[in-house]
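Breakdown of the fold
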Amino acid sequence: MKHLAILISVIILKSCGSSQDIATTANTTVMTTNEIISGTYVIEQLDATDITDELTLKFDTKANKVSGFAGCNRFFGTYTTNGNAISFSEMGATRMMCDDEANAIEQKMFKTLAKINAFEISNGKLSLKNDEATLILANEKMMSKSRQAESMNITYRASTRGFFETIWIEGNVLKYTNDRDLNEINRHMLTDDQLSELRSLYNNLDIEAIPSLEPPSKTFQYDAAAMARLTIELNENTYVSNGFDHGNPPKPIALFVDKVLSIKESVAKQ
C-alpha cells in the first residue's frame, strides 16, 4: 500500500454539505439530553449495514477534537455539541491508496458522518443520528488497564544548526538538555497536577498512528525552523513521528506536544 499521506481539508463537509448546513439542521433537533461524548467507539453499524472492519471514532472532550479510522485512512477534525445536537467541522484525513472495498466503506462513512446532527448514548452504545434515524451505531472501546497504568516513556527532540533541545518524560520524571553531547541534563520531578495533565492528553493519543502523521509545514527543510520528532515507547514498541517544524506539530499530537513544551519551560524557570 503506497502511503501518499497528504492532508486534505474538509473531506466530509465539502463533498456532502457545508458546516452551516449541518449546524442549521442540528439546531432543529430537539434537545433532550446533556450527555457528553468521550473516549473511543468502534462502529458496528453504518447506515443500517453491519460492519466487520474496525472503524473507529475517538472524541477528545477537552479539545473538542474527533479522530478515527474510516476503513482506509485516518481522519481528524473538530466537533461541537449542544444538548443532543452535534456537528463536525474542519475535517481532514491522510491519503492512502486502498482496494475498492476499503475505499467504498470509507466513502460511505464520510458521507454518513456529513448527515449526522444528533447523538444518543445508552449503556455504552453511541447512536449518531440524522434527526430520529440512527445512521451510525458504535460500542465504547475500553482502554486496557495496562495502558491506563503504564509509565509514560517519551522523547521530544528538536534541532537545527544553531539550536538543540531534547526532552524526556520517564514516568513522573522530566529531563531536558540543550547539550548536543548530552553531558549536562537537567532533571525534575513532575507535580501531581502536571502528571495528571500529561496523562489525560497521553491517553487520548492514537499512538499507533503517530508514524503516519504528516507535518503541517516543513520549513525545517530550508533550515528556517528546527526539525522536531516525537518518540513514544509502548509495550516494547517504538513509535516515531515524521519530522515536523518545532512549534508546529501535526494536529493529532499538537495538544500533547504543546503541554510537554509548556511544562518544560515552567520547570526550567524554577
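Residues numbered from 1 in each chain as written. Predicted model: local features only at pLDDT ≥ 70, side-chain atom pairs only at ≥ 80, totals over all residues. Heavy atoms only, no water.

Bringing unusual backbone geometry into the picture now. Within the chain, Asp131 stands out as a residue other than glycine whose phi angle is a positive 55°. Mapping Asp131 onto the fold places it in the loop between strand S9 (125-130) and strand S10 (133-141). For Asp131, a relative accessible area of 36% puts it in the partly exposed group. The phi dihedral of Asp223 falls on the positive side, at around 65°, and the residue is not glycine. Looking at where Asp223 falls in the secondary structure, it is placed in the loop between helix H5 (192-203) and strand S15 (227-234). (Helix = DSSP H or I, 4+ residues; strand = E, 2+ residues; numbered from the N terminus. Buried < 20%, exposed > 50% of the residue type's maximum accessible area, 1.4 Å probe, protein only.)

For the coordinates displayed, the defined rule picks out nine salt bridges. One salt bridge in this structure joins Arg161 and Asp223, with 2.6 Å as the shortest N-O distance. One end of the pair, Arg161, is in the loop between strand S11 (153-160) and strand S12 (163-170); the other, Asp223, is in the loop between H5 and S15, with 62 residues separating them in the sequence. What makes Arg161 exposed here is its relative accessible area of 75%. Taking the relative accessible area as the measure of exposure, Asp223 reaches 33% and is therefore partly exposed. (Salt bridge = Lys/Arg side-chain N within 4 Å of Asp/Glu carboxyl O.)

Next up on the list: the confidence of the model for the chain. Counting all residues, the mean pLDDT for the chain is 82, and 84% of those residues have values of 70 or more. The lowest-confidence element of the chain is strand S1 (residues 8-9), averaging 36 in pLDDT; the highest-confidence one is strand S17 (residues 244-245), averaging 96. (pLDDT = per-residue confidence, 0-100.)

Here the focus is helix H6 (residues 251-268). In a regular helix each residue adds 1.5 Å, so 18 residues correspond to 26 Å; H6 covers 26 Å between its end C-alpha atoms and thus fits that length. Inspection of H6 places Ile253, Ala254, Phe256, Val257, Val260, Leu261, Ile263, Lys264 and Val267 among the buried residues, and these make up the whole buried set. (Expected span 1.5 Å × (residues − 1).)

Right, let's talk about the side chain of Glu106 for a bit. With respect to the helices, strands and loops of the structure, Glu106 is situated in helix H3 (residues 100-115). Residue Glu106 is classed as buried on the basis of its relative accessible area, which comes to 5%. Discounting residues that sit within four places of it in the chain, Glu106 has contacts with Ala70, Gly71, Cys72 and Asn73. (Contact = heavy atoms within 4.5 Å.)

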